[in-house]
Amino acid sequence: MEHIQIETDLKSSLESIFTEKSPTLFSKDTPYVAGVRKQAFDKFAQLGFPTARQERWRGTDLSKSLAPDYEFIMEAPGENVDIEKIFQCEVPHFETFLVAQLNGWYVYRNSPLTVLPSGVVIGSLAKAFEQYPDLIKQHYGKYTEQSAEGLIALNTAFAQDGIFIYVPDNVTVPDVIQMVNIVDFDRNLMLQARNLVIVGKNSHLRLVQCDDSINHKVTFINSVSEVFLDKDSSLDHYKLQNKDEHSTLINSLYFYQESGSSLSSNAISLNGGIIRNNTTVKLAGEHSSANIYGVYLMDRNQHIDNQVFIDHMVPNCQSSEMFKGILDDHASGVFNGHVMVRKDAQHTNAYQSNKNILLTDKATVDTKPFLEIYADDVKCSHGATVGQLDGDAMFYIRSRGISEANAQILLMYAFAAEVVNKISIPELRQRIDDMVKKRLRGELSYCDQCVLHCSTQEKKVSFEIDVTKI
Amino acid sequence: MLSIKNLSASINGKEILKGVNLEVKAGEVHAIMGPNGTGKSTLAYVIAGRQGYEVTSGEIIFNGRNLLELSTEERACEGIFLGFQYPVEIPGVSITNFLRTAMNEQRKYHGLDPIPAKEFLSKMEEKKKMLELQDKLTNRSVNEGFSGGEKKKNEIFQMAMLEPMLAILDETDSGLDIDALRIVATGVNKLRRPDNATVVITHYQRLLDYIVPDVVHVLFDGRIVKSGGKEMALELEEKGYEWIKSQL
Amino acid sequence: MEKEQNNILEEVTQGDYKYGFYTDIEMDTAPMGLSEDTVRFISAKKNEPEWLLEFRLKAYRHWLTLTEPNWAHLHHAPINYQDIIFYAAPKRKKELTSLDEVDPDLLDTFNKLGISLEEQKRLSGVAVDAVIDSVSVKTTFTETLSKYGIIFCSFSEAVQNHPDLVRQYLATVVPATDNFFAALNSAVFSDGSFCYIPKGVRCPIELSTYFRINAANTGQFERTLIVADEGAYVSYMEGCTAPMRDENQLHAAIVEIIAMKDAEVKYSTVQNWYPGDKNGLGGVYNFVTKRGMCKGSHSKISWTQVETGSAITWKYPSVVLMGDYSVGEFYSVAVTNNFQQADTGTKMMHLGKNTRSTIISKGISAGQSNNSYRGLVKIIKRAENSRNYSQCDSLLLGDKCGAHTFPYIKAENHSSIIEHEATTSKISDDQLFYCNQRGISTESAIGLIVNGYAKEVLQHLPMEFAVEAQKLLAISLEGSVG
């Protein structure tokens, strides 16, 4: 059992790093954060890294990802990183308020924390620890499950920086906030990114999270985001994942929703070595709603794992999940959806769907749509399918003179479009639509710049045929 | 047969019926008309005993019995039949099975033995023929996957089988094409006897071309504000409900 | 009025168990507890050949290395295996040659259960193997069947009279090492039924086993082995009941089915072990491993189960679809009431090309019970052009129960199609009002609606069973005791 040995090695080296670097790690912490950190470290020492023997990790084997020697960056980079030089977002007409992380550290532009006239605060989490101790104490570490997941405990023990966003009550943030996570390092890197987003009562935020690599050494990103949605607020959230094949990306998102809040989260995974999206939604206030969507297009040896847990804690909430994926070559996909309707959470409306297309006999999919229901007056349904492109539709398109290869692309596009069409920011939808097309044509392996950088010449495939009508 | 006096009823604390008076005698056909939201369906539900409706005053006497003291199924066994505006689906339960259960429970209520299978089947054949129903319909689950027209025909078919004393038909004409309307109306007319009665609730005069009422009532804002002969329905059609409002 | 309806719902969901009587019969029992000696005792009682004793001992030693599985959505106090009697048999004075020699108390027991062991009185023509506690007391129609070359007898008799057949097939579908309860059963199984249908024979009558736990503190560990040779067909039914007792009784059975080329086996169960009382006291712990192997091409195995009894049900009748074009089916209705817990479902393992499987599961939860569907559909790379369709519905009666669905779907080739659907519903107020308005009482309406809901499964039961199952469904949920 060689890999266990290696895991233990990485674990013990992390433990000694923690002890050695304690002064650095704890340097900016308030007593509250220090307490959370210490507790998380003990928990990590107890839990370690997840193994395939754990029910929630049966489909994703991290042993290879944990095998290499990794380095850790324990100090913030210099204050004068010119982010524009390494990164440019080239989506036309896509005006965003851009915040960037380089190798896990917040990149300063003008100041570590920007305060907009509306009272919105955007910037470095490390700085927010110092400047907003009350908000941190109220929210930081409150929505995760570090007691059950080793990786969450690890992140909480080592997290030093990340993005902090605070939207006060009654503010509609006009700009889309784009969070870019860039890795630019010439050796193997492991990083623990941490974000905290607080949306006040009756406030509205749109957030795009992009994961990019620039240099292509082995990276292991263990990212944790906590999002609090106060009464009657809304969040439109997008994750764009276009990583290289050497990277492992564990993206854990914890949403906590108060009454009347609404969430829409959309994960678009186009490339990556191993991607795991853990999405946990706690519907804690009545009349809140969550729509969790995802589309994944994987090929070669790529692995995608979407874990969604929706917890209906109170009555009168609605949730819907729709995940669609196409797996080519040796790619493998995992979906584990779990809807829990607690006792007394009457009038719950929950819908869950996972649809997969396998293009080869080497691609695999493993799907588990779970329902756990303790209330009787509820409407819950789920569905899962695994199959291939519809033969009748293929024939129909080809009978109109379209080549088999193009017909296949058209149908795959139509399959993915159901999720892509849920994107409510028009410029972003347009761009992702283009990217999906490129991805299906095999032109987009991974971008050397932003995930939205699309400089390749487009081949001529007409997508104008409305295949949904077939 | 049916005597409603000063009936007021509310749902979720909102008063819908505000003192309804209605007398229906054996052998009569009554039509209740009125604009949307005036309490026509509520009146039907309160007579049938649907839960959620609170009777705040008044009484409903049916053949000498106080209906308000009886449960829904006891009222049905006493001979009240409600033809639903939106009949509910009951998956997996065939109409045959459903009707036999209903008929036997009603017979039990009256101290009778269950209907012999043969008698039941021949009665079903007879009524199907009368209503020009397709043979297969009765093997299907109650209302499951039925078109609007099929659902309404099924209601009339059940009425024919159960032979109630008083049938209340709630918007039976809505969603019907002209052929279905004719079949439904013919059914109702054929089932008319000197010892039973029918209350037709409708929005439009159209149905009354086929089912000719003895009395027409206008229900408005929870009260019966006007009653008259069959010619009143035509007058209403011509002048609209605004005419009623202007008279109040 | 709402309160009244809740009362009715409560009433109808608190039916009584009518098979809870106990028959006082003189018993021959093993000492309480489990050890190698117990295993040797059982084997010696049955006069078994050496190889079978070895099989048992090996299973026992393996069992010692295992721990009880804990992944199911079930909760119970730990089972003390030293507090159980592993062998109990009605004392018999000599070998039975005719029905007249069966203990009249036993005959009476089965008559009370509605199982007639008197062949001439059977109208439906069902051959019965009646198993009480640890042993088979009587198998009917043996002679009629032997004309067709069909072997249908108790497991013990099969070991004596057809040792080669038993040895050839025993544990080929469920190995002794398969799981904790399978290992336990392999060590201490006492009796059960054996059935062999030769090549090309269609068994002309329904075969059935009736299981009855009678003695106190006794576990029942029976084993059924059905082999359908090439082109053979058999429909097999299983029924079970137990007396009402305050302590929990353990039942850990194994059923193995082998279907060779073009063979078809239809296995139907109406499981009505004592479910415990209204407060969750007593009841049978039912940990059963049932698996069929579609060994030859174009073979078919179909499981239909109506599960209304047991305090705990842990049961996943599965099909290994090895032969190309083989078919596996699973139709299930599981009712849980009061404090019952059920974690049941199936596994469909598609190994052969062009294999098909269908899963229809209907769960009904009432009282404070928990009812889970757990299923696995796996299509391996080699199993090209395979199909699965699964539908898992839950019906909840009342707001104190739970209904859960845990499907696992694994696909490894691109020419296969898997579809899974699940819904959760309750009986709507509109449906009840509609029935009430036609004169149907709420109690009858619930019975009617529940049977309608389960219809897709019930229609797969043999006629003899379907009527009984429908009544049982209503009784499990109604106050009326038949």
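Residues numbered from 1 in each chain as written. Chains lettered and ligands numbered in written order. Predicted model: local features only at pLDDT ≥ 70, side-chain atom pairs only at ≥ 80, totals over all residues. Heavy atoms only, no water.

A.B. asks: How should the interface of chain A and chain C be read in this particular structure?
C.D. replies: Reports of interface size often rely on the accessible area that becomes lost once the parts have come together. Counting residues at the interface gives 34 residues for chain A and 33 residues for chain C. Summing the contributions of chain A and of chain C, the shared interface buries around 2800 Å²; its carbon and sulfur component is 48%. On inspection of chain A and its partner chain C, the count reaches two salt bridges. When the shortest N-O distance is used, the salt bridge between K410 of chain C and D366 of chain A registers 2.8 Å. (Contact = heavy atoms within 4.5 Å. Buried area = accessible area lost by both parts, 1.4 Å probe. Salt bridge = Lys/Arg side-chain N within 4 Å of Asp/Glu carboxyl O.)

A.B. asks: Honestly, unusual backbone geometry in this entry has me stumped. Any pointers?
C.D. replies: All names here are of chain B. Positive phi, normally seen in glycine, also occurs at N143, with a value near 65°. For N143, the position within the fold is in the loop between β8 (141-142) and α5 (148-162). Residue classification places N143 among the buried residues on the basis of a relative accessible area of 0%. In this structure, E163 takes a positive phi of about 45° despite not being glycine. (Helix = DSSP H or I, 4+ residues; strand = E, 2+ residues; numbered from the N terminus. Buried < 20%, exposed > 50% of the residue type's maximum accessible area, 1.4 Å probe, protein only.)

A.B. asks: Hey, could you run me through the sheet that holds strand β12 (residues 223-228) of chain B in this one?
C.D. replies: Picture the strands of a sheet paired through backbone hydrogen bonds; they go either parallel or antiparallel. Residues and elements named next belong to chain B. The mixed open sheet is built from six strands, whose spatial order is β6-β9-β10-β3-β11-β12. Every other strand in the sheet has two partners, leaving β6 (80-83) and β12 as the edge strands with one partner each. On average, each strand axis in the sheet is inclined to that of its neighbour by 20°, with strand direction left out of account. The strands touched by helix α1 (residues 40-48) within the sheet are β3 (29-33), β6, β9 (166-170), β10 (197-201) and β11 (215-220), with β6 carrying the most contacts at an inclination of about 145°. Contacting β3, β11 and β12, helix α7 (residues 231-239) runs over the sheet at an angle of about 40° to β11. (Pairing = 2+ DSSP bridges. Axes fitted to C-alpha atoms, helices over the stretch in contact; angles between N-to-C directions.)

A.B. asks: Where do I start with the interface of chain C and chain B in this structure?
C.D. replies: Taken together, the contact pairs 22 residues of chain C with 32 residues of chain B. Counting the surface lost from both chain C and chain B, the interface buries some 2300 Å², and carbon and sulfur atoms represent 61% of this. In terms of surface lost to chain B, no three residues of chain C exceed F433, Y434 and R438 of chain C, which account for 34% of the buried area on that side. On the surface where chain C and chain B come into contact, there are two salt bridges. Among the salt bridges present, the one from R438 of chain C reaches E155 of chain B, with a minimum N-O distance of 2.7 Å. There are 13 residue pairs in polar contact (both at pLDDT 80 or more) connecting chain C and chain B. Breaking the side of chain C that touches chain B down by element, the ones donating at least two residues are α1 (2-12), α9 (429-437) and α10 (442-458) of chain C. Grouping the constituent residues of the side of chain C that touches chain B by class yields eight nonpolar, ten polar and four charged. (Polar contact = N/O pair within 3.5 Å; in protein donor to acceptor, adjacent residues only side chain to side chain. Nonpolar A, V, L, I, M, F, W, Y, C, P; charged D, E, K, R; others polar.)

A.B. asks: Before we go on, may I ask you to explain helix α6 (residues 178-190) of chain B in this structure?
C.D. replies: Three- or four-residue spacings in an α-helix give side chains the same orientation, since the helix completes a turn every 3.6 residues. Residues and elements named next belong to chain B. Taking 1.5 Å per residue as the helical rise, α6 with its 13 residues ought to reach 18 Å, and the 18 Å between its terminal C-alpha atoms agrees with that figure. For α6, the full list of buried residues reads A180, L181, I183, V184, A185, G187 and V188. Of the surrounding elements, those touching the buried residues of α6 are α4 (117-130), α5, β9 and β10. Two to three positions downstream of the cap, the backbone nitrogen of D179 sits 3.2 Å from a side-chain oxygen, assigning the N-cap of α6 to D177. (Expected span 1.5 Å × (residues − 1).)

A.B. asks: Is there a simple way to explain the confidence of the model for chain C in this structure?
C.D. replies: Do not read the predicted coordinates in detail wherever pLDDT is low. All names here are of chain C. Averaged over all residues, the pLDDT of chain C equals 84, while 81% of them reach at least 70. By mean pLDDT, the top-scoring element of chain C is strand β16 (residues 318-321) (98), and the lowest-scoring one is α1 (48). pLDDT under 50 marks residues 119-124. Its contacts with residues more than four places away, or in other chains, come to six contacts. We note a pTM of 0.84 for the whole complex and an ipTM of 0.88 for its interfaces. (pLDDT = per-residue confidence, 0-100.)

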